[in-house]
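# Notes for the structure review
So the chains spell out like this:
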Amino acid sequence: MKKLNTLFIIALVSSLSLTAQNKDTKKADKHYDRLEFVDAAEDYLKLVTAGKADSYVYKQLADCYYNIFNTVEAERWYAKALEGSQNPELIYRYSQMLKANGKYDESNKWMDKFAEMRPGDDRALAFRKNPDYLPKLLEKGKKFNVQNLSINSPNSDFGGTVQGSKLYITSARNDARKTYGWNAQPYLDIYEFTIADDGSYMAENLLSGKINTRYHEGIVSFSPDGKTMYFSRDSHSENMFVKDSVTRNKLGVLQLYRSNLLSDGWSDVEPLPFNSANYSVKNPSVSPDGKTLYFASDMPGGFGNFDIYKASIGDDGRLGEPTNLGQKVNTEGQEMFPFYSSNGTLYFSSDGHLGLGGMDVFHTREIDGKIAPIRNGGVPLNSNADDFAFRINEDTGEGFVSSNRDGGLGSDDIYAIKKLQPLCDVLISASVTDSKTGNPLSGAMVSIVDDEGNKVSTKATNSDGVAEFMIECETDTKLEVTMDDYESSITDVEGTSEEEVNVNIPLNPIEQIVVDDQVELNPIYFDYDKSNVTAKAAFELDKLVQVMTKYPEMVIRAESHTDTRGSNSYNQRLSERRAKTTVQYVISKGIDAARITGEGKGENELKVDCGSNCTDDEHQLNRRSEFIIVSGNPNSK
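One structure accompanies this document, and this report is about it. (Residues numbered from 1 in each chain as written. Predicted model: local features only at pLDDT ≥ 70, side-chain atom pairs only at ≥ 80, totals over all residues. Heavy atoms only, no water.)

This part takes up the overall build of the protein. A count of helical and extended segments in the protein gives 13 helices and 38 strands. Its C-alpha atoms give the protein a radius of gyration of 32 Å, more than 25% over the compact-globule value 26 Å for 637 residues. In terms of overall dimensions, the protein has a C-alpha envelope of 95 × 65 × 45 Å along the principal axes. Per-residue burial for the protein yields a buried fraction of 54% across its 637 residues. A separation threshold of at least 6 residues defines the contact pool for the protein, and within that pool the share at least 24 residues apart is 57%. As displayed, the protein has an accessible area near 28200 Å², and 46% of this comes from carbon and sulfur atoms. Computed over 70 positive and 96 negative side-chain charges, the inter-centroid distance for the protein is 6 Å. (Helix = DSSP H or I, 4+ residues; strand = E, 2+ residues; numbered from the N terminus. Rg over C-alpha atoms; globule rule 2.2 N^0.38 Å. Buried < 20%, exposed > 50% of the residue type's maximum accessible area, 1.4 Å probe, protein only. Contact = heavy atoms within 4.5 Å. Areas by Shrake-Rupley, 256 points an atom, 1.4 Å probe, with all protein chains shown as cover. Lys, Arg positive; Asp, Glu negative; His and termini not counted. Charge placed at Lys NZ, Arg CZ, Asp CG, Glu CD.)

Quick look at the structure:
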C-alpha cells in the first residue's frame, strides 16, 4: 500500500536527506529518484557490502524498505542511520517501524525523543497527552470479525466497493501490464466481480471500456444511483507530469476522474476540476446522498503530507471548491482513504493519529458542525501493518478493509469485515420537555458538567427540544439543564457502549419550588471551614435568582445554619460569613440588594437535636440554608 501513500511525491522520498549524494551512490540514487525502490535497495546494499556506506546510504536503504513496507529491514537500517544522525523525522519513522514490528516499549522511547525535539508537532502532542495509549488500545474489545478474501492474488489487491450486484477492487494481478519499479509488480487496474446469491464472488473481469490504462488506476466510488463512477488515475495517462530539475525524471501525480454509465458501458472519462500536475488528488468517496465528494490530497495549504478534503457536488454535477477537514482530522502525517457512511460516520486511514503501527483505520462524526473525538477502530480491524480502504454497509455491519499485515496472500490483501459490537463513540441525545405539558422546550441550555459542577460543554436545544453530545463509551456523564422560568435540573447518564443514548429531561416550572413561606432548594453545600460559593452551590442559588426575577416583589431572608461540630462562637461566625456570601452571590446576578438579607444562625436552631452522637446524615440536615419569603409571596395572593 505504500505505493499509494507517497506515489510520485518526490518531496517525501527526499525529505530526510542527511548528506550529499556522491559518485558511489549515483546508480542507486537514480533508481531511488525514479521510485524504483527494489532496484535501489539492491544497489545501496552493494555499497554496504563494499564498505562504502555512511548515514546517507543507511537512511536511503531504510527509506526503500519503508516505502515497500519491509518493516524488519527498515527498522534495521534506520537504527544504523541514527548512529550518525538525530533527524526528528528519521526518529519518528524508526519509532513507527519498531511499533510495526511489535516492539512497543522501544517505540515509545523513540517517540518520547521525537516529542522532545518536536514538542509542537500534532503527533508529539497526541503522544504526550496519552503516552500509554497502546495497552488501552490493545485491551479494547473486539469490534470486528476480519477474514481474508479468496479472490486475493499474490500481488497487491485493495479496495472493495459494492455497487448493486458487483464488487469493484483495484489489483496488480494483470501480468500483461508493465511492472512498476516501486515494488516490481504490474501497474494497477480496476476489476469487477459478480456477487452470487450465496455471497461469493464470481466472474472476475478487468473493467472494460476507457477506465483502465497502461498506468495506475485506484479505488472507485459511485453516485447513489450507480450511474457515475469516480476513481483515481496516474497522470502519465494524460501525458501530464513535471520533470525533476536534477534527475530529469518525469514525475507524475494521481488525479481524480469520473465516468458515466451508458447503455453500452462507461463513457469517456472526465478529469475533475481540481486536478493538478503539481499535487495528487486520490481516494474518492461519494457521500450517501450524493452531495459531497471526499478525497485525499497533498495540495498546498494542508497540515501534513496527505490531508482529507471534501467538495460539494451540485445537482448538475458541478464540483465546489475543496475544503480541508481541519486539524482535528488531519495531522503532520498522512490521512487518506476517506469513507463517509450512511449514519454520518467518517472513516479514514492515518499514520499521524495514535495507532498500532503503519496506517490504522479511524472514525469520527460531525456534530453541530464540530468534529467529534477521533477514534481508533481497534484490533483486529487494525494491525501493526497498513490498514486502509475501509468500507462498510451500516445496515448489515458488513464491509471491507485492505491490509498488508502478516498472513495475507499477497503484498496487500482485501479482508471481509463484520461489525460485532458498536464503536466507542456514544451519542447522547437529550430531549428537554415541560413536566406539566410534555411539550418540547426549545432554547434550554444543556451542559455536560464534571464532578465539581464545572461546565465542560454547553448546547442549546433545537426546535424539537433536543441537544446532542458525542462522548467516549463507558463514560459516566452529568447533564445540567437550565432555562428561564424553569427549575434547573441535573441528570446522571450511566456510561455505556451503545452507539446512542436518548435521555428525557422534564423541567418543572420554577414556581413549583415556592412552598408555603419558603423557596425550597436542594442543600447548599460549602467546603469544610469555607464560606465561598462553590459551583454546586451556585447551581442551586441560580434557582432562587430565577424565582426572584419572576416575582419582582418577593423579598428573601437567607438563613445559614451549621451543625454542632466546633464551638458555638466559631459556628456563629462561620454561618454569618456564609449568609453574607450567599446574599452577595444573589445580588451579583442582578437582584436588588434591598430584596435580600442574610442571617447567620450558627447552631442555635438545630433541625435534629442529636447531642454528641450525631450521624453524618444528621449533621448534614443541621448544616443547611433556608430562604424565607419575607414579603411578596405569590402563594398568599
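Now that the structure is up, let's keep going.
Pairing within the open sheet is mixed, and its three strands lie in the order β30-β27-β33. Whereas interior strands pair on both sides, the edge strands pair on one side only; in this sheet they are β30 (466–472) and β33 (500–507). Adjacent strand axes in the sheet meet at a mean angle of 25 degrees, parallel and antiparallel pairs treated alike. Where strand β27 (residues 425–434) meets β30, seven bridges bridge the pair, whose relative direction is antiparallel. Bridging from a neighbouring strand, I428 pairs with F469 of β30. (Pairing = 2+ DSSP bridges. Axes fitted to C-alpha atoms, helices over the stretch in contact; angles between N-to-C directions.)

Turning next to the sheet that holds strand β26 (residues 413–419). One open sheet holds the four strands; their spatial order is β1-β26-β25-β24, and the pairing between them is antiparallel. With partners counted over all chains shown, the strands left at the sheet margins are β1 (144–148) and β24 (387–393), one partner each. Going across the sheet, the axis of each strand differs from the next one's by a mean of 25 degrees, ignoring polarity. Summarising the sheet, β1 and β26 pair through five bridges and their orientation is antiparallel. Across the sheet, F144 pairs through a bridge with K419, a residue of β26.

Here the focus is the state of the cysteines. Enumeration according to the criterion identifies one disulfide in this entry. Here C610 is linked by a disulfide to C614, with a sulfur-sulfur distance of 1.7 Å. The sign of the S-S torsion, about 95 degrees, decides the handedness of the disulfide formed by C610 and C614: right-handed. C610 gets classed as buried once you look at its relative accessible area, which sits at 15%. (Disulfide = S-S within 2.5 Å.)

Okay, the side chain of S488 next. Along the chain, S488 falls in strand β32 (residues 486–493). Apart from the residues within four sequence positions on either side, S488 is in contact with V481, T482, F539, K543 and Q546.

The next thing to look at is the nonpolar core. If you look at the biggest cluster of nonpolar residues, it comprises 43 residues, and the most contacted ones within it are Y44, C64 and Y78. Looking at this core, the elements with two or more residues in it are α3 (26–33), α4 (37–49), α5 (55–67), α6 (71–81), α7 (88–100), α8 (104–117), α9 (122–129) and α10 (133–139). Tallying contributions element by element places α5 first for this core, with eight residues. Sequence-distant contacts of Y78, defined by excluding residues within four places in its chain, comprise K59, A62, D63, Y66, L90, R93, Y94 and M97. Core analysis: the second largest hydrophobic core is formed by 25 residues, A538, L544, I556 and I591 among them. (Core = buried A, V, L, I, M, F, W, Y, C linked by side-chain atoms within 4.5 Å.)

The next point concerns the packing of α6 against α7. Orientation of α6 relative to α7, taken along the N-to-C sense of each, is 145 degrees, at an axis distance of 9 Å. Considering only the axes of α6 and α7, their crossing is left-handed. Of the residues in α7, those in contact with T71, A74, E75, Y78, A79 and A81 of α6 are L90, R93, Y94, M97, L98 and A100. Class assignment for the residues of the contact of α6 with α7 results in nine nonpolar, one polar and two charged. (Left-handed = near helix turned anticlockwise from the far one by under 90°. Nonpolar A, V, L, I, M, F, W, Y, C, P; charged D, E, K, R; others polar.)

Let's shift gears to the pairing of strand β37 (residues 596–602). Across six bridges, strand β36 (residues 555–561) lies against β37 in parallel orientation. Paired with H561 across the strands is G602, a residue of β37. Tracing the backbone out of β36, into helix α12 (residues 568–588) and back to the parallel element β37 gives a crossover that is right-handed. (Right-handed = clockwise from strand over helix to strand, strands pointing away.)

Moving on, we get to the packing of aromatic side chains. Under the criterion given, the structure shown has 20 aromatic pairs. A network of ring pairs unites the aromatic residues F144, F339, Y347 and F390 as a single cluster. A cation over an aromatic ring shows up here: R93 above the ring of Y66, its NZ or CZ 4.2 Å from the ring centre. Across the ring face of Y415, the terminal group of R405 is positioned such that the distance to the ring centre comes to 5.1 Å. (Phe/Tyr/Trp six-rings, centres within 6.5 Å; stacked < 30°, edge-to-face > 60°. Lys NZ or Arg CZ within 6 Å of the ring centre and 35° of its normal.)

With respect to the helices and strands, the residue I471 is situated in strand β30. C-alpha separation for the pair I471 and K143, spaced 328 residues apart in sequence, amounts to 18 Å. Other than its neighbours up to four places away in sequence, I471 contacts C424, D425, V426, I428, I448 and T477.

Attention now goes to unusual backbone geometry. Residue V379 is joined to P380 through a cis peptide bond whose omega torsion reads 5 degrees. The phi dihedral of A203 is positive, around 55 degrees, even though this residue is not glycine. Its relative accessible area of 53% is what places A203 among the exposed residues. Not every positive phi belongs to a glycine, and F337 is a case in point at roughly 50 degrees. Among the structural elements, F337 can be located in strand β19 (residues 335–340).

Scanning the entire structure with this criterion turns up 34 salt bridges. One salt bridge in this structure joins D157 and R173, with 2.8 Å as the shortest N-O distance. Here the residue D157 occupies a position in strand β2 (residues 157–163), and R173 occupies one in the loop between β3 (166–171) and β4 (179–180), the gap between them amounting to 16 residues. Residues D157 and R173 agree in their burial class; the two are buried. Where K478 meets D492, a salt bridge forms, and the shortest distance between an N and an O atom there is 2.9 Å. With K478 in strand β31 (residues 477–483) and D492 in strand β32, the pair connects residues that are 14 residues apart, well separated along the chain. Relative accessible area serves as the criterion here: at 55%, D492 is assigned to the exposed category. (Salt bridge = Lys/Arg side-chain N within 4 Å of Asp/Glu carboxyl O.)

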